[in-house]
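Results of the structural survey
As a plain string of letters, each chain reads:
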Amino acid sequence: MKTRNYLPLIGLGVLMVALHLLTVWTGTQYYLTQLTMSAYYGLVIIGLGVLMGYAGQISIGHAGFFAIGGYLAAALTTRNLEPFAQNWWVQLLDKAGVIVHGQDIYGLSQMTFTPWLACIVAVTTAGLVALVIGIPVLKLKGHYLAMATLGFGTIVYRIFLAMPYFGESDGITEVPGFDMLPFLTISGDMSHRVLNFYASWTLLIVGMLFLINLIGSRVGRALRSLHSSEEAAEASGINAGRFKLKVFVLSAIYAAVAGVLLTHYNGGIGPSEASMAKSVRYVALVAVGGMLNLWGTLIMGVGLTFLSLRGVFGSFDDAVFGTILILVMLFSPEGILGLKLRPLLRQLIIGGRA
Amino acid sequence: MSPDLFFQYLFAGITYGSIYAVVAIGFNIIYNATGIINFAQGEFVMLGGMISISLLHFMPLPLAIASAVALTMLIGAAIEILFIRWLQSPSVMRMIIITIGISILLKEVALHIWGESIRSLPYFYGNEITTFSIGSVHISPQVVWVILASAVMVAGLNLFFKSTPIGREMRACSANRTAALLCGINARNMVTLSFMLSAGIGALAGCVMSPITYTQYDSGSALALKGFTVAILGGLGNSGAAVLAGILLGIIEAFSVSVVPLAFQDAISIAILLVILFVKPHGLFGSGDAARLKDF
C-alpha cells in the first residue's frame, strides 16, 4: 500500500477545516448543517460505490438499510418502555445500565434505551438483514438483481409505512441527541453544530480510509478480478459469492451507521428516507462519480447532496437527479470525472515528472 | 369465508390480475426485442390514464382513450429513439440505470403537469354503484371492461405476432437478430416498434383500470414491480404464461386481504417476487434448462 493512496485523505481533512473556516469567514455557518448531512449521505454513497464499482453488484435498495438503521435508532430511543417496566427483561436491561430514565414532553416519566445500545442494535440488524438477504440475492445478476434489491427496498418502505410502532406516514420525531463521546453529542442543537460537522466529516474520512485499504487489499484485488471475469476469478480459487456478500454487508453497515447518526442529528426520520427515490438517488450519485472511481463518487456524492439539501434544485430535485443519471449513463458511463478530466489531470500532475 | 365473499374476492383478483398480466406482457415485448427490462413500464400505464383524463375535457371518452394510447405510443417511440437506439451494445447495468432514470423523469414530468392529486376516468358504463348480479355476487361493469380489454389485447397481440408480416419480423429479430438482419429486416425499427407496442398496451390498461384504481403521478412503480413479478412468475419472455401468472398473483393478492392488513398487500406480492427469484428464477412454467443459458 503506497502512501500516495492516502494523500487525498489528508486533502479531505484539509478540505474539512477549510470549509469550516470558509463558513466562519463568510458568516455562513448555517451551511455547516447541510455539510454535516451531506457527509452522512456521503458515507452511504461510498459504501454503495464499492459494492457497485468494485463488486459489480447493483443495489436499488440501499435506502432500506439506511432506514433500518435510522428507524431502529429512533424507535428504540423514543418509544417508552414504562408499560413493560415490570418485565424481567426490562429490569435486566435496566441493571445493565442501557436504559435511560427521563420525562416526556408532558412531564410523565419515561424509559428508553440508551442511544449507544440503539445504535448497536440498529447497525447489527441492518448487517444481519443484509447477510440474510444477500445470500440468495447476490446469486442473481443483472435485471434480476436490480429487481430483487428494488423489491427488498420497497418491502422495507411498506413495513415502516404500515407499522404504528414506526409512526406510519409521520415517521418518528423528538429523537434525542446521541452522547457518543464525553465531549460529543450527535444532535441538531445549535451549540453542537461545529463539533457535529467535524464528527461527520471525520467519520467520512475514516470510512474512506477503510474502503481504500479494502480496495488495496487481497479482497480488493479479488473484487477487481471478479469485475473483469468472474469465471477466471473462480478458476483461480476466488470464492466470488463470499466476497460479494462481504461487500454487500459492509455497504449495508455503512448505510445503517449513516442512518443512525443522521436520525439523531435531524431529530427524526420519515418514511421518505426508505423510498425508492432515495435508493435511486444513491445509485445516481455513484454513477455520476464513476463506478470504479471512489474519490469521484465521494466528491460528486457529497457535492450534489449538499446542493440538493440547500434546495438549489427546488421542486425539480428528483428530476435533476433523474436527468443527471440518464445523461451520465448515456454519454459517460465511467462517471463525469472519469471521462475527460482524469487523463487531463494525470498529465498535469505526473506529466512534468515522467 | 362465505361462497359469496369467495367469489367477490375471486373477481377482484381476476380484475387486478389481468392488469398485471398486461403490464407483464409489456415487459416481455421489450425484453424479447432487446434483452432489456424496461423499468419505466409502469409509467406508461400511468401516462395512459393521466393523458386520457386530461383529454376527456375536449373529446368523448372513446376518442380520449384512443388519443391517449396513440400519444403514449409516440412517447414510447421517442424514448427508444432518444435513449436506447444509438447505444452500442450497452452493459446490462447501464441499461437498468438508464431505464430507471427514464422512469423517474416521466414521474417527475407527470408530477409537474398533473400535480399530486388523485384522478380517475369516469366509469365507462353507469357509475360507482352500478352493479349487475350473478346469483348473489355483485360485479361492477368496469370489471367486465377491464377483463374484456385485457383479453382483447392478449388475443390481438397473439394474432399480431403470429400472422402479420411485421409481427413475424419482430419475432424473427428476437429469435436471432443477426439472421433477421441478413434477411433484410430492419432490427432497429423493430425495437422502436416494440417500445411503441409496449407503451400502447400499457396505456390502454391504464385507461380501463383508472375508474377502479385511480391514477396518480407515482402509481406506476408499484404496478411495474407487480408486472415484473408476473413476468418472472410466468417465465421472462413468455406472454401466454404471463396471463396465467397474472391472474394467479391477482387472486393471491385479493385473498391475502382477508389474512393480512391492507397496508401489507404490496409487500406480499413483492415477497412472492423475491421467493420466485431465489427459488425458481426461470418461472413456474419456464424450462430450467433453457434458463441456465440466459444471463440472470
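Note that this is a predicted model, so its numbers are computed, not measured.

**A closer look at the overall build of chain A**
- Counting secondary structure elements, chain A contains 15 helices and 4 strands.
- By its C-alpha atoms, chain A is 70 × 55 × 40 Å across when sized along the principal axes.
- Here chain A, with 354 residues, has 55% of them falling under the buried criterion.
- In chain A, the proportion of contacts linking residues at least 24 apart, taken out of those at least 6 apart, comes to 77%.
- If you sum the accessible surface of chain A, you get close to 15,600 Å²; carbon and sulfur atoms cover 66% of it.
- Separation of charge centres in chain A, based on 21 positive and 15 negative side chains, amounts to 18 Å.

**Digging into the packing of helix H1 (residues 7–26) of chain A against helix H7 (residues 193–216) of chain A**
Residues and elements named next belong to chain A.
- Relative orientation of the contacting elements H1 and H7 amounts to 165 degrees, with a least axis distance of 10 Å. As judged from the angle between their axes, H1 and H7 are roughly antiparallel. Once H1 is placed against H7, the crossing between them reads as right-handed. Every residue of H7 that contacts H1 at Leu-9, Leu-12, Gly-13, Leu-15, Met-16, Val-17, Leu-19 and His-20 is listed here: Val-194, Phe-197, Tyr-198, Trp-201, Thr-202, Ile-205, Met-208, Leu-209 and Ile-212.

**Points about the interface of chain B and chain A**
- Across the contact, 39 residues belong to chain B and 40 residues belong to chain A.
- Contact between chain B and chain A buries roughly 3,600 Å² in total, counting both sides, with carbon and sulfur atoms accounting for 83%.
- Across the contact surface, chain B and chain A share 0 salt bridges.
- Linking chain B to chain A there are 4 residue pairs in polar contact (both at pLDDT 80 or more).
- Elements with a minimum of two residues in the side of chain B that touches chain A: helix H4 (92–114), helix H9 (220–234) and helix H11 (265–279) of chain B.
- For the side of chain B that touches chain A, the element with the most residues is H4 of chain B, which contributes 13 residues.
- Of the residues belonging to the side of chain B that touches chain A, the class tally is 31 nonpolar, 4 polar and 4 charged.

**Notes on the pattern of salt bridges**
Residue and element names in this part refer to chain A.
- Within the structure shown, the criterion is met by 5 salt bridges over all chains.
- When the shortest N-O distance is used, the salt bridge between Glu-273 and Lys-278 registers 3.5 Å. No difference in accessibility class separates Glu-273 from Lys-278, as the two residues are buried.
- Between Asp-317 and Arg-281 there is a salt bridge, with its nearest N and O atoms 2.9 Å apart.

**Side note on the nonpolar core**
- Counting residues in hydrophobic clusters, the biggest one holds 198 residues, and the most contacted among them are Ile-46, Met-52, Ile-58, Ile-60 and Trp-201 of chain A together with Phe-39 and Ile-97 of chain B.
- No other element matches the 16 residues that helix H10 (residues 240–266) of chain A contributes to this core.
- By size, the runner-up hydrophobic cluster in this structure holds 8 residues, among which are Leu-76, Leu-81, Ala-85 and Ala-118 of chain A.

**Digging into the packing of helix H6 (residues 165–175) of chain B against helix H8 (residues 187–213) of chain B**
Residue and element names in this part refer to chain B.
- Interaxial distance between H6 and H8 falls to 10 Å at its minimum, and their mutual angle equals 110 degrees. In terms of orientation, H6 lies roughly perpendicular with respect to H8. Contact residues: Ile-166, Glu-169, Met-170 and Cys-173 in H6; Ala-187, Met-190, Leu-193, Ser-194 and Leu-197 in H8.
- Taken together, the residues of the contact of H6 with H8 break down into 7 nonpolar, 1 polar and 1 charged.

**Notes on unusual backbone geometry**
- Phi is positive for Glu-168 of chain A, close to 45 degrees, though the residue is something other than glycine.
- In this model, Tyr-214 of chain B sits at a positive phi of 65 degrees, which is unusual for a non-glycine residue.
- Among the secondary structure elements, Tyr-214 of chain B is positioned in the loop between H8 and H9.

**Observations concerning helix H5 (residues 141–163) of chain B**
All names here are of chain B.
- Over its 23 residues, H5 runs 32 Å from end to end, which matches the ideal 33 Å to within 8%, given 1.5 Å per residue.
- What H5 keeps buried is the set Pro-141, Gln-142, Val-143, Val-146, Ala-149, Ser-150, Met-153, Leu-157 and Phe-161.
- The inward-facing, buried residues of H5 contact helix H1 (3–34), strand S1 (132–134), strand S2 (137–139), H6 and H8.

**Looking at the packing of aromatic side chains**
- This model, assessed by the stated rule, comprises 23 aromatic pairs over all chains.
- The interplanar angle of 15 degrees and the centroid separation of 5.7 Å between the aromatic rings of Tyr-41 of chain A and Phe-66 of chain A together place this pair among those described as stacked. Here the residue Tyr-41 of chain A occupies a position in helix H2 (residues 31–54), and Phe-66 of chain A occupies one in helix H3 (residues 62–78), the gap between them amounting to 25 residues. With respect to burial, Tyr-41 of chain A and Phe-66 of chain A carry one shared label: buried.
- Measuring from ring centre to ring centre gives 5.4 Å for Phe-124 of chain B and Trp-145 of chain B, while their planes differ by 70 degrees; the resulting arrangement is edge-to-face. With Phe-124 of chain B in the loop between H4 and S1 and Trp-145 of chain B in helix H5, this pair connects stretches of sequence that are 21 residues apart.
- The rings of Tyr-71, Phe-160, Tyr-165 and Phe-166 of chain A are connected pair by pair, giving a single aromatic cluster.
- The ring of Tyr-165 of chain A carries the charged tip of Arg-79 of chain A above its face, separated from the ring centre by 5.8 Å.

**Looking at empty space enclosed by the protein**
- Summed over the entire model, instances satisfying the criterion amount to 3 cavities of 30 Å³ or more.
- Approximately 60 Å³ is the volume attributed to the largest cavity.
- When contributions to the lining of the largest cavity are tallied by element, the ones reaching two or more residues are helix H6 (142–162) of chain A together with H9 of chain B.
- If you tally residues by element for the lining of the largest cavity, the top one is H9 of chain B, at 3 residues.

Basis of the calculations
- Residues numbered from 1 in each chain as written.
- Chains lettered and ligands numbered in written order.
- Predicted model: local features only at pLDDT ≥ 70, side-chain atom pairs only at ≥ 80, totals over all residues.
- Heavy atoms only, no water.
- Helix = DSSP H or I, 4+ residues; strand = E, 2+ residues; numbered from the N terminus.
- Buried < 20%, exposed > 50% of the residue type's maximum accessible area, 1.4 Å probe, protein only.
- Contact = heavy atoms within 4.5 Å.
- Areas by Shrake-Rupley, 256 points an atom, 1.4 Å probe, with all protein chains shown as cover.
- Lys, Arg positive; Asp, Glu negative; His and termini not counted.
- Charge placed at Lys NZ, Arg CZ, Asp CG, Glu CD.
- Axes fitted to C-alpha atoms, helices over the stretch in contact; angles between N-to-C directions.
- Parallel < 35°, antiparallel > 145°, perpendicular 65-115°, else oblique.
- Left-handed = near helix turned anticlockwise from the far one by under 90°.
- Buried area = accessible area lost by both parts, 1.4 Å probe.
- Salt bridge = Lys/Arg side-chain N within 4 Å of Asp/Glu carboxyl O.
- Polar contact = N/O pair within 3.5 Å; in protein donor to acceptor, adjacent residues only side chain to side chain.
- Nonpolar A, V, L, I, M, F, W, Y, C, P; charged D, E, K, R; others polar.
- Core = buried A, V, L, I, M, F, W, Y, C linked by side-chain atoms within 4.5 Å.
- Expected span 1.5 Å × (residues − 1).
- Phe/Tyr/Trp six-rings, centres within 6.5 Å; stacked < 30°, edge-to-face > 60°.
- Lys NZ or Arg CZ within 6 Å of the ring centre and 35° of its normal.
- 1 Å grid on protein atoms, 1.4 Å probe; cavity = no way out; pocket = protein on both sides within 12 Å on 5 of 7 lines; lining within 4 Å.
- Points joined across faces, edges and corners; volume = space filled by probe spheres on them.

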